[in-house]
Amino acid sequence: FQNLPAGLELVGIPPDTVEVRLRGSSGALSRMAGGDMAAVIDLATARPGRRLFHITQNQVTVPYGIDIVQVGPSTLTMEFEMSAIRQVKVEPDVEGRPASGYEVTKITSDPALVEVAGPESALKRLQAAITEPVSVTDQTRSVREVVTIGVPDSSLRLRTPQTAVVTVTISPRQP
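Residues numbered from 1 in each chain as written. Predicted model: local features only at pLDDT ≥ 70, side-chain atom pairs only at ≥ 80, totals over all residues. Heavy atoms only, no water.

## Topic: the packing of aromatic side chains
Here comes step 1: The tally for this structure, following the rule as stated, stands at one aromatic pair.
Here comes step 2: An angle of 70° between the planes, with centres 5.9 Å apart, marks the rings of Phe53 and Phe80 as edge-to-face. Residue Phe53 is found in strand β4 (residues 49-54), and its partner Phe80 is found in strand β7 (residues 75-95); the two are separated by 27 residues along the sequence.
Here comes step 3: Among the residues examined, Phe80 registers a relative accessible area of 2% and is labelled buried. (Phe/Tyr/Trp six-rings, centres within 6.5 Å; stacked < 30°, edge-to-face > 60°. Helix = DSSP H or I, 4+ residues; strand = E, 2+ residues; numbered from the N terminus. Buried < 20%, exposed > 50% of the residue type's maximum accessible area, 1.4 Å probe, protein only.)

## Observations concerning the nonpolar core
Here comes step 1: Val114, Val116, Ile149, Val151, Leu156 and Val168 are the most contacted members of the largest nonpolar core, which has 20 residues in total.
Here comes step 2: At the level of elements, β7, β9 (113-119), α2 (120-125), β10 (129-135), β11 (143-150) and β13 (163-172) are the ones that each hand at least two residues to this core.
Here comes step 3: No other element matches β13, which puts four residues into this core.
Here comes step 4: Sequence-distant contacts of Val151, defined by excluding residues within four places in its chain, comprise Val116, Leu126, Ala129, Ile130, Leu156, Arg157 and Leu158.
Here comes step 5: Residues Leu8, Phe53, Val60 and Val71 belong to the second largest nonpolar core, which totals 13 residues. (Core = buried A, V, L, I, M, F, W, Y, C linked by side-chain atoms within 4.5 Å. Contact = heavy atoms within 4.5 Å.)

## Considering the pattern of salt bridges
Here comes step 1: All chains considered together, the criterion is met by five salt bridges.
Here comes step 2: Among the salt bridges present, the one from Glu79 reaches Arg50, with a minimum N-O distance of 3.1 Å. Within this pair, whereas Glu79 is found in strand β7, its partner Arg50 is found in strand β4, the two being separated by 29 residues in sequence.
Here comes step 3: Exposure remark for Glu79: the relative accessible area of 31% places this residue in the partly exposed category.
Here comes step 4: What makes Arg50 exposed here is its relative accessible area of 57%.
Here comes step 5: A salt bridge links Glu91 to Lys89, with the nearest nitrogen and oxygen atoms 3.5 Å apart.
Here comes step 6: Given the relative accessible area of 44%, Lys89 is considered partly exposed. (Salt bridge = Lys/Arg side-chain N within 4 Å of Asp/Glu carboxyl O.)

## Examining the pairing of β7
Here comes step 1: Pairing geometry for strand β1 (residues 8-11) and β7, over four bridges, is antiparallel. Paired with Leu10 across the bridge in β7 is Phe80.
Here comes step 2: Where β4 lies against β7, six bridges are found, and the strand directions are antiparallel. Of the residues in β7, the one forming a bridge with Gly49 is Phe80.
Here comes step 3: In the sheet, β7 pairs with β9 via seven bridges, with the strands oriented antiparallel. Residue pairing for β9: Arg86 is matched across the bridge by Val116.
Here comes step 4: In the sheet, β7 pairs with β10 via five bridges, with the strands oriented parallel. By the bridge assignment for β10, Val90 is matched with Ala129. (Pairing = 2+ DSSP bridges.)

Okay, structure coming up:
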């Protein structure tokens, strides 16, 4: 895909393969590898909503000496939404339990908020960004770790990829 207009997001999982029937000498066809062909779809005319894009033979590149007989599907259906950015809190993922007689009394993340970008509908559903797990198994003192921040929805992304310093405060359990 090329020329996706700024401020627009492709929603869902776009098709990643098309079937192409070829004609050529047996030698030329047997030397072909998957990377020798590409179908290029120009998204310059895309706008919000469900859109149809034709795939024609001149959008498919093949090695010299090979002819394209047929391309299928001849039309791709894709859906687009406006892009948006939203600030959400970072929820550290803490795994395990401290040693006997100890408890987690506080969990902090620095930064506490991150900017997430993506399709408007997915951003509305997003509750928080998450971190890689921080283990507190059998710990008797606080744990501080630098971990990667991410979002569970693959259609969303951090505006700037970043890490967080997660601090898990562990204290003796109060009777």
